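# Reading the structure
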Amino acid sequence: MAIVSCSQFVHFSSVTLKLHELCFVFLMTFVLLVCALLFSSLLMIIYEKRITNSTLEDEPFIMDDIAYDNENERNADQCTSQGCMWGKSSDGKVYVPYVIASHYSSRERSIIERGLQSFQDVSCIRFISRTNQRDYLSIQSINGCYSYVGRRGNAQQVSLDRQGCLYHSTVQHELLHALGFNHEQCRSDRDQHIRVLWQNIQHGWEYAFDKINTLNLNTPYDYNSVMQYHKYAFSGNNKPTMEPIPNPNVAFGTATQMSNNDITRLNRLYKC
Ligand SMILES: [Zn+2]
């Protein structure tokens, strides 16, 4: 009986020891995972900071669990006179190659493709599936909705996040960035049409409302441009960040597709 007891004790003790070892292994694995997560988050933040500081245009697509329409911008950037336009082919068309990442579902992919194709009905822009062209748009679900302004050379990211960016207007918006257009509220003449309420803007995002010396291509300021931000874009306190002048009650920033002015500007910039 004593031997059995002893044996049982030893066995129990051994199991206890193994449990401790197991706990230790689990704990170390957990610590390593947390470290890896923190490290990758840090890398992500650095990366985001880096691209934000260049000419990427971020979109305020989700804030406080409220999905806002992506703002709209659509006035030609100065870079378009310095080589950031896409070249025109001898047939008068402007071919812009693209690659859509394979991580999209077929439904998501069709939303993007519909946005790409929408340009050919109204302009000389032709988005084409890339074969071996050097410069092209690499459309991926990264972190938010954003694009560079104009052609950058080689592969350039256009992020259409699966969570919050797959809307027709957002796809058109980001593609207009890639074609060389800025946000409507950044237009050089915006102060005559929009009052920026700086005090309501989320800290750190003020730059998204900076005025830019845009080429407005003889088109009027357009509240219905797909490039016009929603009135609550980047709000830090749930109050509007912009109000129209002179009537603060005029609706703006709710476009579901390119406006006639968006299309006119596009055709004027590319001389379609
Ligand atoms: Zn934008």
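Since this is a predicted model, take the numbers as computed values, not measurements. (Residues numbered from 1 in each chain as written. Predicted model: local features only at pLDDT ≥ 70, side-chain atom pairs only at ≥ 80, totals over all residues. Heavy atoms only, no water.)

Glancing now at helix α3 (residues 168-179). In an α-helix, one turn spans 3.6 residues; hence positions three or four apart end up facing the same way. Between its first and last C-alpha, α3 extends 16 Å over twelve residues, near the 16 Å set by a 1.5 Å rise per residue. Across the twelve residues that make up α3, a large majority, twelve, are buried. His-168, Ser-169, Thr-170, Val-171, Gln-172, His-173, Glu-174, Leu-175, Leu-176, His-177, Ala-178 and Leu-179 are the residues of α3 that are buried. (Helix = DSSP H or I, 4+ residues; strand = E, 2+ residues; numbered from the N terminus. Expected span 1.5 Å × (residues − 1). Buried < 20%, exposed > 50% of the residue type's maximum accessible area, 1.4 Å probe, protein only.)

What follows concerns the pattern of salt bridges. Scanning all chains against the criterion turns up ten salt bridges. A salt bridge links Arg-162 to Glu-108, with the nearest nitrogen and oxygen atoms 2.9 Å apart. Of this pair, Arg-162 sits in the loop between β9 (155-160) and α3 while Glu-108 is found in helix α2 (residues 106-117), placing the two residues 54 residues apart along the sequence. For Arg-162, a relative accessible area of 36% puts it in the partly exposed group. Residue classification places Glu-108 among the buried positions, given a relative accessible area of 8%. (Salt bridge = Lys/Arg side-chain N within 4 Å of Asp/Glu carboxyl O.)

Looking now at the pairing of strand β5 (residues 94-100). Taking burial as the measure, the seven residues of β5 include five buried ones, the bulk of the element. One ladder, built from five bridges, connects β5 with strand β6 (residues 125-129); its direction is parallel. Across the sheet, residue Tyr-95 finds its bridge partner in β6, namely Arg-126. Between β5 and its parallel partner β6, the chain crosses via α2, and the hand of that crossover is right-handed. Bridge count between β5 and strand β7 (residues 136-140): three bridges; the pairing is parallel. Across the sheet, the residue bridging to Val-99 is Ser-138, located in β7. (Pairing = 2+ DSSP bridges. Right-handed = clockwise from strand over helix to strand, strands pointing away.)

On to the UniProt feature "binding site: Zn(2+)" (unreviewed entry) in the protein chain, then. UniProt feature "binding site: Zn(2+)" (unreviewed entry): in the numbering of this structure it lies at His-173, His-177 and His-183. By the element assignment, His-173 lies in helix α3. Among the residues examined, His-183 registers a relative accessible area of 1% and is labelled buried. Side chain to side chain, His-183 and His-177 meet in a polar contact 3.1 Å long. (UniProt positions renumbered as here; feature names shortened; annotations may be inferred. Polar contact = N/O pair within 3.5 Å; in protein donor to acceptor, adjacent residues only side chain to side chain.)

Put simply, Ile-245 and Pro-246 share a cis peptide bond, and its omega is 5°. Residue position: Pro-246 is located in the loop between β12 (242-244) and α4 (260-269). The backbone of Phe-234 sits at a positive phi, close to 60°, despite the residue not being glycine. Relative to the assigned elements, Phe-234 resides in the loop between β11 (194-196) and β12.

By the element assignment, Arg-126 lies in strand β6. The side chain of Arg-126 is buried and forms no salt bridge, while Asp-121, the nearest opposite charge, is found at 7.3 Å. Polar side-chain contacts of Arg-126 include one of 2.8 Å to the backbone oxygen of Ser-123. (Lys, Arg positive; Asp, Glu negative; His and termini not counted.)

Here we take up the packing of aromatic side chains. Tallying each qualifying case throughout the model produces nine aromatic pairs. Judged by centre distance (4.5 Å) and plane angle (20°), the ring pair of Trp-205 and Phe-234 falls under stacked. Residue Trp-205 is located in the loop between β11 and β12, and its partner Phe-234 is located in the loop between β11 and β12; the two are separated by 29 residues in the primary sequence. Phe-234 sits in the buried class, given a relative accessible area of 3%. (Phe/Tyr/Trp six-rings, centres within 6.5 Å; stacked < 30°, edge-to-face > 60°.)

Time to look at the state of the cysteines. Two cysteines, two sulfur atoms, one covalent bond between them: this is a disulfide. Taken as a whole and assessed by the stated rule, the structure comprises three disulfides. Paired by a disulfide, Cys-145 and Cys-165 hold their sulfur atoms 2.1 Å apart. Disulfide Cys-145-Cys-165: torsion about the S-S bond near -90°, hence left-handed. Linking Cys-145 in strand β8 (residues 145-148) with Cys-165 in the loop between β9 and α3, this pair joins segments that are 20 residues apart in sequence. Each member of the pair Cys-145 and Cys-165 is classed as buried. (Disulfide = S-S within 2.5 Å.)

Quick look at the nonpolar core now. Ranked by size, the top nonpolar core spans 36 residues in total, and within it Phe-127, Leu-137, Ile-139 and Leu-179 carry the most contacts. The set of elements that each furnish at least two residues to this core consists of β5, α2, β6, β7, β9, α3 and α4. The leading source of residues in this core is α3, at five residues. Dropping the residues within four chain positions of it, Ile-139 is found in contact with Tyr-98, Val-99, Ile-100, Ala-101, Tyr-104, Ile-112, Leu-116, Val-158 and Leu-160. Core analysis: the next-biggest nonpolar cluster, separate from the first, contains twelve residues, Ile-194, Phe-209, Tyr-221 and Met-242 among them. (Core = buried A, V, L, I, M, F, W, Y, C linked by side-chain atoms within 4.5 Å. Contact = heavy atoms within 4.5 Å.)

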